[in-house]
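Chain by chain, the residues:
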Amino acid sequence: MRKIAKILKKLWLPIVIVVCLLYFQAKCDLMLPDYTSKIVNVGIQQGGIETHVMDAMSEETYMHLKALMVNSEASILEDSYEKISRDSLSKEEYAKYVKKYPLLEEEDIYILKENTKELSSVLKVPLIITMNLEQDTEEVQKVKNEILKNAPGVTDIYQVFSYMSDEEKKKMFEEVTSSLEEMPDSILDQMAIQGVKTEYQKMNVDLDQIQLSYLFDKGIRMVGLAFLIMLLAILVTFLSAQIGSRLARDLRSSVVHKVMDFSSKEFKEISQASLITRSTNDIQQIQMLVVMVLRILIYAPILGFGAITKVSGSSMAWVIALAVGLILSLVITLFAFALPKFQRVQKLVDKLNLVSREILTGLSVIRAFRTEKHEKKRFEDANRDLTKTNLFVNRLMTIMMPTMMFIMNVVSILIIWVGSKKVDLGTMQVGDLMAFITYTMQIIMSFLMISMVSIMLPRAWISIKRVAEVLNKDISVKNKKETKEFDESKKGTVEFKDVYFRYPDAEEDILSNISFKATKGTTTAFIGSTGSGKSTLINLIPRFFDVTGGKILIDGVDIRDVKLEDLRAKIGYVPQKGMLFSGTIRSNILFGNEKGSEEDLYKAAKISQSEEFISEKEGKYDSEISQGGTNVSGGQKQRLSIARAIAMNPEIYIFDDSFSALDYKTDHKLRKELTQVTKDSTIFIVAQRISTILHADQIIVLDQGKVVGIGKHAELLKTCDVYKEIALSQLSKEELEHE
């Protein structure tokens with residue numbers, strides 16, 4: 001996790017940009033239901049009139065409203081409106097106002113000067129009362145007659161109100177005011193706006209134009225928001241993909257760099273098949289998770305919390321609480337069953353990868369021994385186990401989406417059922433109900449999106465742990481904090497002092513009490529029966545493993561005290577099994593010496609006896625080598641491996657049974673040529689054939705991990721029974737005496 005956090009820390013700027021973009025995207029998404037509500041409530045039901053504060057009114061309406069107000073309220077009205085007439089305006093001003101308010105041609109009107117909260121508060125109730133008093137119904141007429149009865153000779157009811165004191169007005173309208181206060185503000189606003197529409201009709205104002213202008217304005221804004229949301233979503237997706245890709249790139253690089261330092265101990269603990277899965281499948285899972293977290297897991301809570309704040313004051317908030325509770329219960333239940341299976345999936349992927357790799361690499365052996373049926377069954381078993389587990393997990397996860405959609409639809413029906421009753425009772429507007437449904441869907445969708453990410457989370461979490469296991473693995477063969485330099489005065493000297501070695505978790509030593517010395521310009525050969533420890537011994541020199549006892553000195557310095565890079569730069573290593581890389585013959589020969597010249601290339605090819613078969617190829621040194629060198633023979637592969645070591649011009653050569661695939665003639669010519677270029681180097685040869693090591697300066701005979709003889713060929717024939725037995729098994733007595 002620390003490594004992932006460290007990589008993400010480098011990407012802090014794009015991550016911050018993504019979070020900011022997601023915040024603005026969520027804000028835009030939360031604005032859309034408001035616009036929908038306004039289009040329905042204001043644009044359709046209110047005819048595009050947003051507020052009951054009129055921009056203009058007739059003088060008659062002005063006087064009626066003023067008559068219904070107490071003195072303090074009337075003062076606010078007087079301060080907010082001013083009277084205009086044809087004579088008080090310039091030609092331009094008059095033309096402008098008369099176009100908007102045609103009544104100005106016939107009489108003076110009042111224009112809004114300043115809109116304040118106080119004006120909105122004092123204007124609502126008088127406007128509703130005025131609208132009701134102007135209705136020509138029997139009930140209204142009865143109320144008017146009752147009031148006029150107390151004012152003989154007065155025919156205008158508003159004149160009666162104007163003569164009343166503030167206390168009389170408050171007492172008269174007390175019942176009306178209290179009944180209005182029980183209604184929701186949105187309903188009162190609609191009632192007041194009906195009065196505004198009636199007034200505008202009197203003034204010959206084009207109400208259709210007001211409605212169309214309002215709908216066009218809000219519609220354009222919604223379209224603009226939709227385009228902005230699309231643009232933000234594209235930017236977020238682009239940046240998230242970049243962050244995920246860069247994280248995956250750096251993780252893969254870190255894993256490969258770490259694995260490059262692994263010794264056999266680490267490879268035993270984590271198999272090669274598992275490392276391939278971790279470097280590909282697991283890192284891909286982490287990449288997908290990071291993209292989903294940035295794209296959804298951050299966005300969903302912002303959207304959900306914003307929607308909750310929008311509807312938290314609603315009387316139907318309990319519906320949302322019910323839906324959220326059901327969704328959380330579903331997610332927790334499903335993941336309680338799914339998590340253990342996700343852990344098993346990754347292990348089964350490793351197993352399938354291992355079986356596939358073994359089958360592909362050992363295909364020729366499988367065919368030779370006619371075990372195709374057995375290997376097919378082994379693959380089918382691993383494949384079936386993985387498929388069954390994947391099917392179980394996928395079936396479990398497929399339950400989630402339909403169930404979520406079912407919950408969403410049930411909640412929608414519940415909201416419409418409850419909301420329609422409120423609309424019918426006049427306590428809620430249709431637009432508010434539509435907005436509430438939209439906000440509820442946004443909340444549920446937020447949880448749905450989080451659940452979708454949660455589906456990936458268990459498997460991704462397992463992948464994170466598996467990648468972290470590689471990155472946090474303690475390397476057994478590594479550089480010390482303080483390293484030494486080689487002693488140039490002892491150049492080419494290699495010395496084993498009481499060396500012991502035991503493989504990790506082994507019960508006994510593979511090598512015991514190994515001591516010998518090799519100097520510059522000499523050849524040291526190792527021979528012994530299979531399993532005697534020859535390859536293990538020479539693999540200790542480049543520190544593929546570390547000794548468990550004693551020490552190995554090169555140029556007079558313990559190899560554990562120098563840098564690995566410096567140590568291996570001195571060594572030209574040819575493994576027992578020739579390994580070539582995909583590329584060309586040129587790139588393979590110069591693999592350890594990238595700056596090597598053409599002369600180095602041709603020289604290495606000539607000495608390794610590769611020149612002849614290279615010249616026969618159409619592309620010569622630029623001929624393609626397939627992965628693993630499958631398009632060249634075993635002998636050619638071995639010669640190119642030897643050429644690669646020669647091209648390095650190292651101080652120490654290690655040949656681990658590297659001549660076994662060569663015929664006697666090629667072997668002889670190669671060793672003869674090799675003698676000329678290695679006369680100033682120290683050479684180690686592991687061999688099975690006596691003929692390969694006859695002329696070595698010293699031959700070390702190993703038996704069950706111990707040195708049982710050291711000397712030249714002739715000496716060992718006399719003093720070492722093990723060597724003599726090996727020699728006689730390969731050559732006749734006469735041939736040995738001749739040699």
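These figures come from a predicted structure and were not determined experimentally.

Across its full length, the chain carries 29 helices and 15 strands. Against the compact-globule benchmark of 27 Å for 739 residues, the chain has a radius of gyration of 46 Å, which places it well outside the compact range. Projected onto the principal axes, the alpha-carbon positions of the chain cover approximately 160 × 55 × 50 Å. Taking all 739 residues of the chain together, 46% fall into the buried category. Partitioning the intrachain contacts of the chain with sequence separation of at least 6 by distance along the chain shows that 78% fall at a separation of at least 24. Surface exposure of the chain reaches about 39,400 Å², of which carbon and sulfur atoms provide 56%. Measuring between centres, the 94 positive side-chain charges of the chain sit 10 Å from its 96 negative side-chain charges.

All right, on to a positive patch on the surface then. Side chains of Lys341, Arg344, Lys347, Lys351 and Lys388 sit close together on the surface and give a patch of like positive charge. Here the element with the most residues in the positive patch is helix 15 (residues 317-361); it accounts for 4 residues.

As a general point, the strands of a sheet are linked pairwise by backbone hydrogen bonds and lie either parallel or antiparallel. In spatial order, the strands read 9-12-13-6-14-15; together these 6 strands make up an open sheet with mixed pairing. Both edges of this open sheet fall to strand 9 (571-574) and strand 15 (706-711), since each of them pairs with a single strand only. Here the average twist between neighbouring strands, direction ignored, is 15°. Running over the sheet, helix 28 (residues 721-730) touches strand 6 (523-528), strand 14 (698-703) and strand 15 and is turned about 95° from strand 14.

Next up on the list: the packing of aromatic side chains. Taken as a whole and assessed by the stated rule, the structure comprises 14 aromatic pairs. Relative to Phe24, the ring of Tyr23 has its centre 5.7 Å away and its plane inclined at 70°; by these criteria the two rings are edge-to-face. For Phe24, a relative accessible area of 49% corresponds to the partly exposed category. With a centroid separation of 5.6 Å and 90° between ring planes, the pair formed by Tyr503 and Phe545 is classed as edge-to-face. Taken together, the residues Tyr503 in the loop between strand 4 (494-501) and strand 5 (511-518) and Phe545 in the loop between helix 19 (534-539) and strand 7 (549-554) connect sequence positions 42 residues apart. A residue is classified by how much of its surface remains accessible, and Tyr503, at 28% relative accessible area, is partly exposed. Residue Phe545 is classed as buried on the basis of its relative accessible area, which comes to 12%. Ring pairing ties together the aromatic residues Phe496, Phe516, Phe526 and Phe684, which thus form one cluster. Lying across the ring of Tyr97, Lys96 places its NZ or CZ 5.0 Å from the centre.

Moving on to a negative patch on the surface. Negative charge collects at one region of the surface, where Glu60, Glu105, Glu106, Glu107 and Asp156 lie side by side. Inspection of the secondary structure puts Asp156 in the loop between helix 7 (138-148) and helix 8 (157-163).

Let us look at the side chain of Thr61. In this fold, Thr61 is placed in helix 3 (residues 59-67). The buried category is assigned to Thr61, whose relative accessible area is 4%. In terms of polar contacts, Thr61 uses its side chain to reach the side chain of Ser58, at 3.0 Å. Sequence-distant contacts of Thr61, defined by excluding residues within four places in its chain, comprise Met54, Glu199 and Lys202.

Tracing the chain through its elements places Phe496 in strand 4. With a relative accessible area of 2%, Phe496 lands in the buried category. Along the backbone, Phe496 and Glu372 are 124 residues apart, and their C-alpha atoms lie at a distance of 47 Å. Discounting chain neighbours no more than four positions away, the residues touching Phe496 are Ile514, Ser515, Phe516, Leu537, Leu540, Ile541, Lys551 and Ile552.

So, on to the pattern of salt bridges. Evaluated as defined, the whole model comprises 21 salt bridges. We note a salt bridge from Lys66 to Glu78, for which the minimum N-O separation is 2.4 Å. Of this pair, Lys66 sits in helix 3 while Glu78 sits in helix 4 (residues 71-80), and the two are 12 residues apart along the sequence. A residue is classified by how much of its surface remains accessible, and Lys66, at 25% relative accessible area, is partly exposed. The exposure class assigned to Glu78 is partly exposed, which follows from its relative accessible area of 36%.

So, about the sheet that holds strand 7. Across the sheet, which stays open at both edges, the 4 strands sit in the order 5-4-7-8 with antiparallel pairing between neighbours. On the outer flanks of this sheet lie strand 5 and strand 8 (557-558), each paired with one strand and no other. Of the pairings in the sheet, the one linking strand 4 to strand 5 comprises 5 bridges and is antiparallel in character. Bridging across to strand 5, Val494 finds its partner in Ala518.

Attention shifts here to the nonpolar core. One broad trend across soluble globular proteins is that nonpolar side chains are buried collectively. Membership of the largest hydrophobic core comes to 77 residues, with the highest contact counts inside it found for Leu251, Ile286, Met316, Val411 and Ile415. If one sorts the elements of this core by residue count, helix 18 (residues 430-471) sits on top with 17 residues. In terms of nonpolar packing, the next biggest core, distinct from the first, is built from 43 residues, Ile614, Val632, Ile642 and Cys720 among them.

Here Thr536 is to be found in helix 19. When neighbours within four sequence positions are excluded, Thr536 is seen to be in contact with Phe501, Tyr503, Ile510, Leu511 and Phe545.

With respect to the helices and strands, Leu231 occurs in helix 11 (residues 207-260). For Leu231, a relative accessible area of 46% translates into the label partly exposed. In this structure, the C-alpha to C-alpha distance between Leu231 and Arg344, residues 113 residues apart in sequence, is 41 Å.

Cut-offs applied
- Residues numbered from 1 in each chain as written.
- Predicted model: local features only at pLDDT ≥ 70, side-chain atom pairs only at ≥ 80, totals over all residues.
- Heavy atoms only, no water.
- Helix = DSSP H or I, 4+ residues; strand = E, 2+ residues; numbered from the N terminus.
- Rg over C-alpha atoms; globule rule 2.2 N^0.38 Å.
- Buried < 20%, exposed > 50% of the residue type's maximum accessible area, 1.4 Å probe, protein only.
- Contact = heavy atoms within 4.5 Å.
- Areas by Shrake-Rupley, 256 points an atom, 1.4 Å probe, with all protein chains shown as cover.
- Lys, Arg positive; Asp, Glu negative; His and termini not counted.
- Charge placed at Lys NZ, Arg CZ, Asp CG, Glu CD.
- Patch = residues over 30% accessible without salt bridge, like charges linked within 9 Å, V, L, I, M, F, W, Y side chains within 5 Å.
- Salt bridge = Lys/Arg side-chain N within 4 Å of Asp/Glu carboxyl O.
- Pairing = 2+ DSSP bridges.
- Axes fitted to C-alpha atoms, helices over the stretch in contact; angles between N-to-C directions.
- Phe/Tyr/Trp six-rings, centres within 6.5 Å; stacked < 30°, edge-to-face > 60°.
- Lys NZ or Arg CZ within 6 Å of the ring centre and 35° of its normal.
- Polar contact = N/O pair within 3.5 Å; in protein donor to acceptor, adjacent residues only side chain to side chain.
- Core = buried A, V, L, I, M, F, W, Y, C linked by side-chain atoms within 4.5 Å.

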